[in-house]
Amino acid sequence: MTKRTRRLLQKLREIPKKGYAFGHQDALAYGIDWKNNGNEFKSDVALVCRDHPAVFGFELGNLEKGLPDSIDGVNFKVMRKLVQKAYQKGGIITFSWHPDNPVSGKNAWDTTKAVHTLLPKGDLYGQFYEWVRNLGHFFRSLKDKKGRRIPVIFRPFHEMNGSWFWWGKGHCKPEDFVSLWHETLKLLTEEFKVRNLLYCYSPNLLLRKKDYLKYYPGDSHVDVLGIDVYQHLTARLFIRHLKKDLALLKKIATDKNKPFALTETGLEKIGKKKWFTNVLHPLLVDSGITYALVWRNDHPNHHYAPYPGHAICEDFIAYAENPQVLFLKDVKKLKYKAK
Ligand code: BMA
């Protein structure tokens, strides 16, 4: 791990002393009715409130195949520029990855069994090697103005305890999942010499402690503990579930002495009044998480952050005024001793 990567880990540990950082997926790449060509520093969040998010999510799906654009339509050269800008401004960068099903060639949600084929003795190991090489090449190309590698969080094979992705529950043995994780890290670090990554393990909503660790690749293979919990139904249910899961995660993370985060969350379209101030914030404020990231703003029927003109803007502005919710300038100001 590079010195800057260790510092990022330290920053993640420091944030909960002040509050938690706010994140948004693809925040800089596009918003409702606009798309970045790489030259702007713009986000729907900053169009609505005082600042940009502190955590910037990006999606890598398609990169493994050497394609120019992500599965969500972001050009990887543009993405690299945006990562550089975000880092320069003190932001935290995290990558999700929704690779297509390597057996069927369909998307990540196609659950044809595939994990075992990617392992060293599997038929598609060669292809997997190429995939990870392409990712490694990209990670190594993330450099600041002085040519130093930019540290980022990589969150592969997420929500594995759900059964909607080909690496998920019921589509592979937990031990094969763990082997896939180990192999991915081994290739990245040993074969492709990638040293600027923190690895984040993030199951979906669970409710039972033993479920969290069912696919856990081990303490030496994970740096950040995550969890993905959305509000799909009522706020009441969401509050009940998230409260329970965050308490559980806190226990596990404290035991393991690792930072933890709400790696994906949100209410699609944000149709509930005061959702940010009344539902989300009270759950997170003393939870100990380092950040919470809401999902992407694709279009008016699929978005999780506000955008100008949306009814939730006023509530979001009030939410952003909370000193414990850290935006970009707040994390930049954060003082901590470099180890
Ligand atoms: C899902 C949706 C999809 C998207 C995928 C990966 O939740 O937003 O449209 O392709 O995430 O980012």
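Remember, predicted model here, so these are calculated numbers, not experimental data.

Explain the pattern of salt bridges to me, using residue names and the numbers behind them.
Going through the model one piece at a time under the given rule, you end up with 10 salt bridges. A salt bridge links Glu-14 to Lys-17; its shortest N-O distance comes to 3.0 Å. You can call Glu-14 buried: its relative accessible area is 19%. One salt bridge in this structure joins Asp-100 and Lys-65, with 2.5 Å as the shortest N-O distance.

How would you explain the pairing of strand 6 (residues 152-155) if you had to name every residue and give the values?
Two faces belong to every sheet, and in a regular strand the side chains alternate between them. The alternating pattern of strand 6 places Val-152 and Phe-154 and Ile-153 and Arg-155 on opposite faces, both of which are buried. With 3 bridges connecting them, strand 5 (residues 92-96) and strand 6 associate as parallel partners. Following the sheet pairing, Thr-94 is matched in strand 6 by Ile-153. Relative to strand 7 (residues 197-201), strand 6 runs parallel, the two being bridged by 3 bridges. Bridge pairing links Phe-154 to Tyr-199 in strand 7. Between the parallel elements strand 6 and strand 7, the chain passes through helix 6 (residues 174-191) in a crossover that is right-handed.

Go over unusual backbone geometry with me, naming the residues and quoting the values.
Positive phi is not limited to glycine here, since Asp-26 has a value of about 55 degrees. Positionally, Asp-26 belongs in the loop between strand 1 (20-25) and strand 2 (30-31). Residue class for Asp-26 comes out buried when judged on its relative accessible area of 1%. Despite not being glycine, Glu-159 has its phi angle at roughly 50 degrees, a positive value. Positionally, Glu-159 belongs in the loop between strand 6 and helix 6. When its relative accessible area of 6% is taken as the criterion, Glu-159 is described as buried.

Mind laying out the site of the ligand, listing which residues take part and the relevant values?
The local shell around the ligand consists of Ile-71, Asp-72, His-98, Trp-109, Trp-295, Arg-296 and His-302. At a separation of 2.5 Å, an oxygen atom of the ligand approaches a polar side-chain atom of Asp-72. In the environment of the ligand, an oxygen atom lies 3.1 Å from a nitrogen or oxygen atom belonging to the side chain of Trp-295. Protein chains shield 75% of the accessible area of the ligand, which is 310 Å² for the free molecule. Residue composition of the shell around the ligand, by class: 3 nonpolar, 2 polar and 2 charged.

Please give an account of the packing of aromatic side chains that cites residues and values.
This structure, assessed with the given rule, holds 34 aromatic pairs. Ring geometry for Trp-97 against Trp-131: centres 6.1 Å apart, planes inclined by 70 degrees, an arrangement best described as edge-to-face. Taken together, the positions of Trp-97 in the loop between strand 5 and helix 4 (115-118) and Trp-131 in helix 5 (residues 125-140) put the pair 34 residues apart, joining distant regions of the chain. Among the residues examined, Trp-131 registers a relative accessible area of 3% and is labelled buried. Each ring, one from Trp-97 and one from Phe-154, has its centre 6.1 Å from the other, and the planes form 40 degrees; the classification is tilted. You can see Trp-97 sitting in the loop between strand 5 and helix 4 and its partner Phe-154 sitting in strand 6, a full 57 residues away along the chain. In terms of burial, Trp-97 and Phe-154 fall into one category: buried. The ring of Phe-41 has Lys-89 sitting right over it, with the charged end atom 4.9 Å from the ring centre.

An account of the side chain of His-303 is requested, with residue identities and associated values reported.
Within the secondary structure, His-303 sits in the loop between strand 10 (291-294) and helix 10 (313-321). Overall, the relative accessible area of 1% leaves His-303 in the buried class. His-303 has contacts with Ile-32, Leu-267, Glu-268, Lys-269, Ile-270, Arg-296, Asn-297, Asp-298 and His-310, leaving out every residue within four places of it along the chain.

Could you give me a rundown of the packing of helix 8 (residues 235-256) against helix 9 (residues 275-284), with the residues and numbers involved?
Relative to each other, helix 8 and helix 9 sit at 20 degrees, their axes nearing to 9 Å. Between helix 8 and helix 9, the angle falls in the class roughly parallel. The way helix 8 lies across helix 9 gives a crossing that is right-handed. On helix 9, the residues that touch Ala-235, Phe-238, Ile-239, Leu-242, Lys-243 and Leu-246 of helix 8 are Trp-275, Val-279, Leu-280, Leu-283 and Leu-284. Among the residues making up the contact of helix 8 with helix 9, the classes are represented as 10 nonpolar, no polar and 1 charged.

Give a description of the nonpolar core that names residues and reports values.
With 116 residues, the main nonpolar core has Leu-60, Phe-95, Phe-139, Phe-154, Trp-166, Phe-276 and Leu-284 as its most contacted residues. It is helix 8 that provides the largest number of residues to this core, a total of 8 residues.

An account of the side chain of Asp-245 is needed here, citing residue identities and associated values.
Position of Asp-245 relative to the elements: it lies in helix 8. The side chain of Asp-245 sits in the buried core without any salt bridge; Lys-244 is the nearest counter-charge, 7.2 Å away. Here Leu-206 takes part through its backbone nitrogen, which lies 2.8 Å from a polar atom of the side chain of Asp-245. Among all residues touching Asp-245, those that are not within four sequence positions of it are Leu-205, Leu-206, Leu-207, Ile-227 and Val-229.

What counts, and at which threshold
Residues numbered from 1 in each chain as written. Predicted model: local features only at pLDDT ≥ 70, side-chain atom pairs only at ≥ 80, totals over all residues. Heavy atoms only, no water. Salt bridge = Lys/Arg side-chain N within 4 Å of Asp/Glu carboxyl O. Buried < 20%, exposed > 50% of the residue type's maximum accessible area, 1.4 Å probe, protein only. Helix = DSSP H or I, 4+ residues; strand = E, 2+ residues; numbered from the N terminus. Pairing = 2+ DSSP bridges. Right-handed = clockwise from strand over helix to strand, strands pointing away. Near = heavy atom within 4 Å. Polar contact = N/O pair within 3.5 Å; in protein donor to acceptor, adjacent residues only side chain to side chain. Areas by Shrake-Rupley, 256 points an atom, 1.4 Å probe, with all protein chains shown as cover. Nonpolar A, V, L, I, M, F, W, Y, C, P; charged D, E, K, R; others polar. Phe/Tyr/Trp six-rings, centres within 6.5 Å; stacked < 30°, edge-to-face > 60°. Lys NZ or Arg CZ within 6 Å of the ring centre and 35° of its normal. Contact = heavy atoms within 4.5 Å. Axes fitted to C-alpha atoms, helices over the stretch in contact; angles between N-to-C directions. Parallel < 35°, antiparallel > 145°, perpendicular 65-115°, else oblique. Left-handed = near helix turned anticlockwise from the far one by under 90°. Core = buried A, V, L, I, M, F, W, Y, C linked by side-chain atoms within 4.5 Å. Lys, Arg positive; Asp, Glu negative; His and termini not counted.

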